[in-house]
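The residues making up each chain are set out below.
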Amino acid sequence: MNKIIYLDSAASALKPESVIKTEMDFLRDSYANAGRGVCARALAVDDKIANARKKVADFIGAKSPEQIVFTSGTTDGMNRILRIINDPVCDDSLKNKTIMVSDLDHHSARLPFEVLRNSIACKIVLCPLDSQYNLADADLPKSDVFVITAMSNVLGMPQDVATLISAARKKNPDVITIVDAAQFVVHKKIDVQKWNCDFMCFSAHKIGGDTGLGVMYIKNPDRWISPDKFGGGMVAGITGNAVNNNYSFQWENAPSKFEAGTLPITQIIGFPAAIDYIEKNRPNLELIKYLHDELSKNKKIKIITERDATLCTFVVEGMHVLDFGAMLGVYGVCVRVGNMCATWVHKLLGIQGSIRISVGPWNTMDEMHQVVDLINNILK
Ligand SMILES: Cc1ncc(COP(=O)(O)O)c(C=O)c1O
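Residues numbered from 1 in each chain as written. Predicted model: local features only at pLDDT ≥ 70, side-chain atom pairs only at ≥ 80, totals over all residues. Heavy atoms only, no water.

A. The arrangement of the side chain of Arg80 in detail. Residue position: Arg80 is located in helix α3 (residues 74-85). Residue classification places Arg80 among the buried positions, given a relative accessible area of 1%. A distance of 2.7 Å separates a polar atom in the side chain of Arg80 from the backbone oxygen of Phe258. Not counting residues up to four positions away in its chain, the partners in contact with Arg80 are Val69, Phe70, Thr71, Met216, Asp228, Lys229 and Phe258. (Helix = DSSP H or I, 4+ residues; strand = E, 2+ residues; numbered from the N terminus. Buried < 20%, exposed > 50% of the residue type's maximum accessible area, 1.4 Å probe, protein only. Polar contact = N/O pair within 3.5 Å; in protein donor to acceptor, adjacent residues only side chain to side chain. Contact = heavy atoms within 4.5 Å.)

B. Inspection of the packing of aromatic side chains at higher detail. Using the criterion set out here, one finds 9 aromatic pairs in the structure. A ring pair is formed by Phe59 and Phe202, whose centres lie 6.1 Å apart and whose planes are at 70°; its orientation type is edge-to-face. Taken together, the residues Phe59 in helix α2 (residues 40-60) and Phe202 in strand β7 (residues 199-203) connect sequence positions 143 residues apart. Looking at Phe59, the relative accessible area reads 4%, which means it is buried. Classification of Phe202 by relative accessible area gives buried; the value is 0%. Seen from their ring centres, Phe184 and Trp195 are 5.0 Å apart, and the 75° between their planes marks the pair as edge-to-face. Of the two residues, Phe184 is situated in helix α6 (residues 184-187) and Trp195 in helix α7 (residues 192-195); the sequence distance between them amounts to 11 residues. Through pairs of rings, three or more aromatic residues link up here, namely Phe59, Phe202 and Phe271. (Phe/Tyr/Trp six-rings, centres within 6.5 Å; stacked < 30°, edge-to-face > 60°.)

C. Structural detail: α2. For α2, spanning 21 residues, the distance from its first C-alpha to its last is 31 Å, which sits close to the expected 30 Å at 1.5 Å a residue. For α2, every residue scored as buried is listed here: Ala42, Val45, Ile49, Ala52, Arg53, Val56, Ala57, Phe59 and Ile60. All buried residues of α2 project into a common sector of 165° when viewed along the axis, lining one side. Summarising the geometry of α2, the exposed residues directed more than 90 degrees from the buried face are Ala40 and Asn51. Just past α2, the residue Gly61 takes up positive phi, approximately 75°. (Expected span 1.5 Å × (residues − 1). Arc of directions from axis to C-beta.)

D. Focus on the pattern of salt bridges. Applying the stated criterion across every chain yields a total of 19 salt bridges. The shortest N-O distance in the salt bridge between Glu279 and Lys189 comes to 3.9 Å. Linking Glu279 in helix α8 (residues 265-280) with Lys189 in the loop between α6 and α7, this pair joins segments that are 90 residues apart in sequence. The class for Glu279 is partly exposed, based on a relative accessible area of 39%. For the salt bridge of Glu286 with Lys289, the shortest nitrogen-to-oxygen distance reads 3.8 Å. On the criterion of helical spacing, the pair formed by Glu286 and Lys289 is a turn pair, its members being 3 residues apart in helix α9 (residues 286-295). The class of Glu286 is partly exposed, set by a relative accessible area of 46%. Here the residues in one salt-bridge network are Lys21, Asp25, Arg28 and Asp29, joined through shared partners. (Salt bridge = Lys/Arg side-chain N within 4 Å of Asp/Glu carboxyl O.)

Laid out in structure tokens, this is it:
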């Protein structure tokens, strides 16, 4: 085996040629800042950003491009949502509120709220899980905020987000619902209107877009009065008195209100090509089923994921997961090992870490044969 077999698309996807070419052409031939200039070149960049925003809105079933805020990734979006909804200016402070999270959450979805609990009196409750570790809509505790991981990065099963949100709203019609779709977006069509969520985040790099770019969908951007970041491009005007230093600020409408500073322009301009690509080339999950069937024949392997999951996650007897990952790496096979920034689900399973194989559109059955042979040889 003398070439790389990249089986870590769930961490970050390889980039389609179309994305690389679009970004290179832009950087070489038509680069300028966005939302800043009045020359034809700068206005052409503004058009490209607007087209990308519309493309994202259509991709996730949003009603309008104004609901799409560009962030630097899912982590950025999840942290920012907390600051947007914890807004004392419009009585939306999370003090004494109940936040429902779950053991499927990635650190980036749950940690911001866990840390908030230490600083203000908010309460964390857990969304129940069924026997297969899926989020269960029966007996949901009443909550003011509900963080939903649409697909765990360890277990890889799509969650029934629409049903969960409707169940949470029956308990509290005003619950703020936040969906982490970082893994879901790779495998399934997102429909934010069907989900009826208030917020949703994902990262471009997991679907073949560039790093440093994410999407934060906001259902009602006008409901959230205060921006969480300040800087260029989000101020409509500053009025007041220089003598006594007493100013008031008028913010731009969304999405500009939530996009302070220079955007990741190149990444945004390459993003429509990534969306086109993933819509036509979802990862082939027959490869995962094959891995599940073959690896489960090896008595030293304990598979954690379901056969129809989007990932194959497992532990091996008598070998630390980091050693196992390093050993595969020696043979050019790239997988993810460790706790995968998902400590809670590992605690639930009673293990410290695991080995995860994830496939992208580029992977082939021939690669799976090679990997199964290699793993069986290592574990002999
Ligand atoms: C389910 C889930 N949520 C959030 C994240 C964080 O994404 P990013 O590191 O792109 O911000 C990841 C990344 O692995 C993830 O799998």
